[in-house]
Amino acid sequence: MPSTTSSSLSKSPLSSPNDPATPSITISADPTQSTSPPEGSLSSTKTPAAGSSKLPRQRSFLAAAQKVLMQEKIRKAEEQAEAEECDDMDEDLPFEELLEKAEAGDPRAQSRLGKYYLKLAEEKDTETNNHTAVEWIVKAAKQGRRDAAKLLQKCWIQNKGITPENAQEVRRLSSESKFEQAVRRAAMSMYWKLNPDRKKKVAMSEMLENVNQVNTVPGEPAVYGVTPSIHTQRKILETMVSNESSSKYVNVEDFVEMTKKFTEGIACTPTLRSSGVDAKGEEKTLRKSDVATFEMEKNELAPVTHKRHRKSSWGMSGSGMILATRRSGAMKRALDIKSHFLGLQYPLHAIIEMKELLIDWASRAGVQWLSTIIPTQHVNALIFFFIVSNLTIDLFAFVIPLLIFYLSFISMAICTLRVFKSSKGWENCSALTALLTRFEPSLDVEQAESNFGWNNLEQYLYFMISVFFMIFTFPVADKGWIPCSELSTVAIFFTAMSYMSLSPSVAAYARRALIIEVASSLCALTSRLPKEMAMARMLGQIFTTLPLGESLVLELSVPCVLYLYLFYLFFSMARMRGFRGTYCFLVPYLVCFVWCEFSVVLLRNSTTIGLIRTCVAYFLVLFALPVLALGLMAMLLIQMVKWFLELELTKMLVTLAVCAVPVILRLWTRFSLSILNVFRSITHRGPVKLILLCITTVILLCGVYVYNAEGLKVYNSTITWQEYGTLCGPRAWQDRGMAQTQLFCSHLEGHRVTWTGIFRRVRVAEMENGAQSVINLLPVFMGDWLRCLYGEVYPKCEPQNNTSPVANVMRVEPVNVTMLFLQQEEEELCRIKAFAKHQCHVKRFNSYRFEVTVGMPVDGVTKLDDPAGDILLMASHEFKQVILNLDPGSMVEFSTKLEGKLGTKLPAFEMKAIHCLDCSSSLVPEGRQVKIERNWRKTMLKAIQFAFDFFFAPFLCARINV
């Protein structure tokens, strides 16, 4: 009986603030350590095995010892749980004594009292007794009592004693795991060590002063070799309670919650879990004041959102002087009365206030009047269309991959730095866990590490998403704008950093995996050595290839064998701790793996000169940084001056001013939209999420375009023009009528044909000029100035320039085609200059859409040229030079797609390509002129092949035939 009583009451002192004189407090640390020293020592020696730097090299023996220690701890924990469940049968106390112990804070007595009231509820007064039982069981569960948590689960399921006031607390306590209960018991024990005076709330400064009391165990000297030092403990406590910003005082429940979150890797946030009555009582005991003082403290402890709400009720206008109009009538009348008395008391202030209000009102009215005069919507639309009209597919294909690549690279770098920071957080967490094991030897350190890894997976998820974007855009981006040599050294640096951030528990696997990965990459790079180094090249030589389907190839080589072993190491990491190593060890190592693979890819795309330049640059950064900084600043200044001179500063400033007019008016008149608040709401979660949001938006917009784009298609349909004329031409109209012919010919839609015909005529169907549209809205004097600023002056027409350049076309070489074409345009401008309305023009911003009429070749039998069978080809601006220099009657070969109104007279098709077969003019470009359409399918397959090889080469390689 005595042994049972001591074991059952061993948890009582851990959280008995109401009975400081109880003799059981002298055994506050843990009686288990005094009765069974081996377990206390073994459990304490287990913790630094994960983080200590003085580890033996015999990893296998250490792993076996850790496994034995863990099994022993689990066995002890199971025995303790069984003892807690059976201790009620070992001792039968009177109700008065049981109630006295429960009120004194004994968790065992509280649990037994809760069971007593549950049994009593079955006989009489069910609701009241169940509610009382739950109250006592909650108090026991707060002290980490396992059987109390099980009783709460039963009460929750059976809805016994559950009220709206205690439902959330019952659910939280009943759902705690064994690890959380162990942390709760240890945290409560440590709290009373840091609070030896047993105060309900203790100041943080006082807790930090009592740090040296944590290691003191009655009857046992402090062992500093197995627990963190005093300085480390102080640093951990400062980090843990630094986020408790709502109050300077911490009670036991707040400390327990902070400790639980800290051991699981969750950022501590202040929470007010106590009820209103408890909070009021605590405030009275702490402040020792009356109701007025308590109301002041309650206002101080109000959440920040309430203060913001009170501040937002006085919403400011653009100048910050007009009150918000959204308020109740009573509030408005009260403010009016107050302002009336203030006006009587302070007449000068009232006059000044009235003057400011009038000025503000006048300025707003003036701005609104100005915005009605200037058509801001039209200016916005014209500026937008002017910008869009100058954006080409080539520009998008060049800029967007580079933009996504650099944003992804920056996101990867930020995530890696966060991973490194979280590894430092795990060091603090493991130190705190090691400290808690002195109070609760059954605390599972491996479970703490698993919880920490699971709760910090967010940065790894963002990293993998960034990697996905990076590996799909790198093969598409222009390598000339990617400094591969410099980025390769950065990737090597992040490889080392991510390796240093790995857990010591997986150090053996990680070291072998990194060595194997580096060796495999070096062996693969030996294939680029000179042919004279035959022995070294053997390391990267492919002995044989085994096709695995149409797109996969297995390459048997030395790097392939090393990669197979690397995959085995990956599986070994994942299966650790019952496959919890997947997110604890494998996912963190994938960061190191990706950086290492990316550094190899960048080295393959680097040049020798680039690597030498990189080494010299980093040497200068280390040893000549001040001189380098001055040189860079001077170079940047010179480049900026050249840039301004080349771009014409006046033109640039005018462009910015024109674009800023509608933006300024918009912000001025509608400042209440809080554009900055919208931007802060997007960026308040960090730059990585903003970068990924931008990348996703760009990819979605580009994906819509790529999905609707034609791409490179083959125009080799077997249907001829003669067959089309027979089915859908004039003969078909005479036989079936035009309507029936249209319905019949709609089945031919989608054919991609290449036909030959006779060029008849061309006309301009559409003409767009965004700059001209904007200038026409401005006054005459300003429009003329901008027209000469952005456009060109009409040429000086000299008398000797009477010879037509078209007559000399036959006598020039093909090298001067561009010059002759410009000379021809100059002659045309000279002819129209006398009739022009302005001195300058902006016709170089014109964008045309042509309508080309092509006739069917002459029938060899009837020799008839029937214009009724002609078709229209809609040509874009890029065919301008070809179309404008074609002679009527020339034979042209064109490609198009049959779509639209088939079977009608003069059907209109989109011109995809054209080639003049018998043109003799040198102004007509040679060869086949094709509409610029990128092969997006080929680009996508190229990116997919690179992504597959990035992760699986040289083990498996993709062979995609595009």
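## Side note on the overall build of the protein chain
Counting its regular elements, the protein chain contains 41 helices and 13 strands. Counting every position in the protein chain, which comprises 962 residues, the buried fraction comes to 40%. If you sum the accessible surface of the protein chain, you get close to 55,200 Å²; carbon and sulfur atoms cover 63% of it.

## Things to note about the state of the cysteines
Under the counting rule described, the total for this entry stands at three disulfides. Each sulfur of the disulfide joining Cys-728 and Cys-745 lies 1.9 Å from the other. Disulfide Cys-728 to Cys-745: torsion about the S-S bond roughly -120°, handedness left-handed. Here the residue Cys-728 occupies a position in helix H34 (residues 721–728), and Cys-745 occupies one in helix H36 (residues 738–745), the gap between them amounting to 17 residues. Each member of the pair, Cys-728 as well as Cys-745, carries the same accessibility label: buried. Unpaired in this structure, Cys-560 has its nearest cysteine sulfur neighbour in Cys-957, at a distance of 8.6 Å. A disulfide-free cysteine, Cys-592 has its sulfur positioned 6.4 Å from the sulfur of Cys-596, the nearest such atom. Relative accessible area serves as the criterion here: at 0%, Cys-592 is assigned to the buried category.

## Description of the pairing of strand E8 (residues 847–855)
Of all the nine residues making up E8, seven are buried; the element is thus mostly covered by neighbouring parts of the structure. Taken together, the nine bridges between strand E5 (residues 752–768) and E8 define a ladder with antiparallel strand orientation. For Glu-768, the partnering residue across the bridge sits in E8 and is Ser-847. One ladder, built from five bridges, connects E8 with strand E9 (residues 871–875); its direction is antiparallel. Counterpart to Thr-853 in the pairing with E9 is Leu-872.

## Overview of helix H13 (residues 252–263)
An α-helical turn contains 3.6 residues, so a residue and the one three or four places further along point in the same direction. The terminal C-alpha atoms of H13, which comprises 12 residues, lie 16 Å apart, in line with the 16 Å expected from a rise of 1.5 Å per residue. Among the 12 residues in H13, 11 count as buried, and that is most of the element. All of the buried residues in H13 are Glu-253, Asp-254, Phe-255, Val-256, Glu-257, Met-258, Thr-259, Lys-260, Lys-261, Phe-262 and Thr-263. Positive backbone phi, approximately 80°, marks Gly-265, located one or two places after H13.

## A short note on the sheet that holds strand E4 (residues 552–557)
The strand order E3-E4-E13 describes an open sheet built from three strands, whose pairing is antiparallel. Two strands lie at the open edges of the sheet, namely strand E3 (542–547) and strand E13 (956–958), each paired on one side alone. Across the sheet, the axes of successive neighbouring strands diverge by a mean angle of 35°, strand direction being ignored. Sheet topology note: the E4/E13 ladder contains three bridges and is antiparallel. In the strand pairing of E13, Val-553 is matched with Cys-957. Helix H26 (residues 558–574) contacts E3 and E4 of the sheet and is inclined by roughly 105° relative to E4.

## Concerning the nonpolar core
Counting 64 residues, the largest nonpolar core has Phe-463, Phe-474, Ile-482, Tyr-589, Trp-595 and Phe-598 as its most contacted members. If you list the elements that add at least two residues to this core, you get helix H20 (393–436), helix H22 (458–473), helix H23 (484–500), helix H24 (507–525), H26, helix H28 (581–604), helix H33 (687–708) and helix H41 (936–952). At 14 residues, H28 tops the list of elements feeding residues into this core. Setting aside chain neighbours within four positions, we find Phe-474 in contact with Phe-405, Lys-479, Ile-482, Phe-598, Val-601, Leu-602, Asn-605 and Phe-946. Met-190, Trp-192, Leu-194 and Phe-439 belong to the second-largest nonpolar core, a separate cluster that totals 31 residues.

## Points about a nonpolar patch on the surface
Together, Met-538, Phe-543, Leu-546 and Leu-556 make up a nonpolar patch on the protein surface, roughly 360 Å² of accessible area in all. As for its position among the elements, Phe-543 is in strand E3. Overall, Phe-543 belongs to the exposed group, its relative accessible area being 52%.

## Considering the environment of Pro-475
Topologically, Pro-475 is positioned in the loop between H22 and H23. For Pro-475, a relative accessible area of 9% translates into the label buried. When the C-alpha positions of Pro-475 and Ile-944 are compared, they lie 9.4 Å apart, and in sequence the two are 469 residues distant. Leave out the neighbours within four places in its chain, and Pro-475 touches Lys-942, Ala-943 and Phe-946.

## Structural notes on the confidence of the model for the protein chain
When pLDDT drops low, the exact placement of atoms in the prediction is not to be read closely. Model confidence for the protein chain is summarised by a mean pLDDT of 75, while 67% of its residues fall at 70 or above. Note on residues 218–226: pLDDT under 50 across the span, and 11 contacts to partners over four residues away in sequence or across chains. Scored below 50 in pLDDT, residues 671–675 shows three contacts in the model against residues more than four places distant or in partner chains.

## A short note on the pattern of salt bridges
Counting across every chain of the model gives 23 salt bridges. The partner of Arg-184 in a salt bridge is Glu-253, and the shortest N-O contact between them spans 3.5 Å. Separated by 69 residues along the polypeptide, Arg-184 in helix H10 (residues 178–194) and Glu-253 in helix H13 bring together distant segments of the chain. The class for Arg-184 is buried, based on a relative accessible area of 0%. Owing to a relative accessible area of 13%, Glu-253 belongs among the buried residues under this scheme. Lys-260 is the partner of Glu-257 in a salt bridge, and the nearest nitrogen-oxygen pair spans 3.8 Å. Of the two residues, Glu-257 and Lys-260 are both situated in helix H13; the distance of three residues between them amounts to about one turn of the helix. Of the residues examined, Lys-260 reaches a relative accessible area of 8% and is grouped as buried.

## Describing unusual backbone geometry
Ala-953 connects to Pro-954 through a cis peptide bond whose omega is 5°. Within the fold, Pro-954 resides in the loop between H41 and E13. For Arg-198, which is not a glycine, the phi torsion comes out positive at approximately 55°. As for its position among the elements, Arg-198 is in the loop between H10 and strand E1 (201–203).

## Notes on the packing of helix H8 (residues 146–158) against helix H9 (residues 167–174)
Relative orientation of the contacting elements H8 and H9 amounts to 130°, with a least axis distance of 8 Å. By the angle between their directions, the pair H8 and H9 is classed as oblique. The interaxial crossing formed by H8 with H9 has left-handed handedness. Here H8 contributes Ala-149, Leu-152, Gln-153 and Trp-156 to the contact with H9, which in turn contributes Ala-167, Val-170, Arg-171, Leu-173 and Ser-174. Here the contact of H8 with H9 is composed, by residue class, of six nonpolar, two polar and one charged.

## Concerning the pairing of E9
Counting buried residues along E9, five of its five residues qualify, which places the element largely inside the surrounding structure. The two faces of E9 match: Ile-871, Leu-873 and Ala-875 on one face and Leu-872 and Met-874 on the other face are all buried. By the bridge criterion, three bridges tie E9 to strand E11 (residues 908–916) in an arrangement that is parallel. Looking across to E11, one finds that Met-874 is bridged to Glu-910.

## A few points about the packing of aromatic side chains
Aromatic ring pairs are defined here through the distance separating the ring centres and the angle between the ring planes. Scanning the entire structure with this criterion turns up 36 aromatic pairs. An angle of 55° between the planes, with centres 6.2 Å apart, marks the rings of Phe-405 and Phe-598 as tilted. Note that Phe-405 is positioned in helix H20 and Phe-598 in helix H28, a separation of 193 residues in sequence. Residue classification places Phe-598 among the buried residues on the basis of a relative accessible area of 0%. Among the aromatic residues, ring-to-ring pairing joins Phe-405, Tyr-406, Phe-409, Phe-463, Phe-474, Phe-493, Phe-494, Trp-595, Phe-598, Phe-946, Phe-950 and Phe-951 into one connected group. Sitting over the ring of Phe-744, Arg-736 keeps its end group 4.7 Å from the ring centre.

Parameters and conventions
- Residues numbered from 1 in each chain as written.
- Predicted model: local features only at pLDDT ≥ 70, side-chain atom pairs only at ≥ 80, totals over all residues.
- Heavy atoms only, no water.
- Helix = DSSP H or I, 4+ residues; strand = E, 2+ residues; numbered from the N terminus.
- Buried < 20%, exposed > 50% of the residue type's maximum accessible area, 1.4 Å probe, protein only.
- Areas by Shrake-Rupley, 256 points an atom, 1.4 Å probe, with all protein chains shown as cover.
- Disulfide = S-S within 2.5 Å.
- Pairing = 2+ DSSP bridges.
- Expected span 1.5 Å × (residues − 1).
- Axes fitted to C-alpha atoms, helices over the stretch in contact; angles between N-to-C directions.
- Contact = heavy atoms within 4.5 Å.
- Core = buried A, V, L, I, M, F, W, Y, C linked by side-chain atoms within 4.5 Å.
- Patch = residues over 30% accessible without salt bridge, like charges linked within 9 Å, V, L, I, M, F, W, Y side chains within 5 Å.
- Salt bridge = Lys/Arg side-chain N within 4 Å of Asp/Glu carboxyl O.
- pLDDT = per-residue confidence, 0-100.
- Parallel < 35°, antiparallel > 145°, perpendicular 65-115°, else oblique.
- Left-handed = near helix turned anticlockwise from the far one by under 90°.
- Nonpolar A, V, L, I, M, F, W, Y, C, P; charged D, E, K, R; others polar.
- Phe/Tyr/Trp six-rings, centres within 6.5 Å; stacked < 30°, edge-to-face > 60°.
- Lys NZ or Arg CZ within 6 Å of the ring centre and 35° of its normal.

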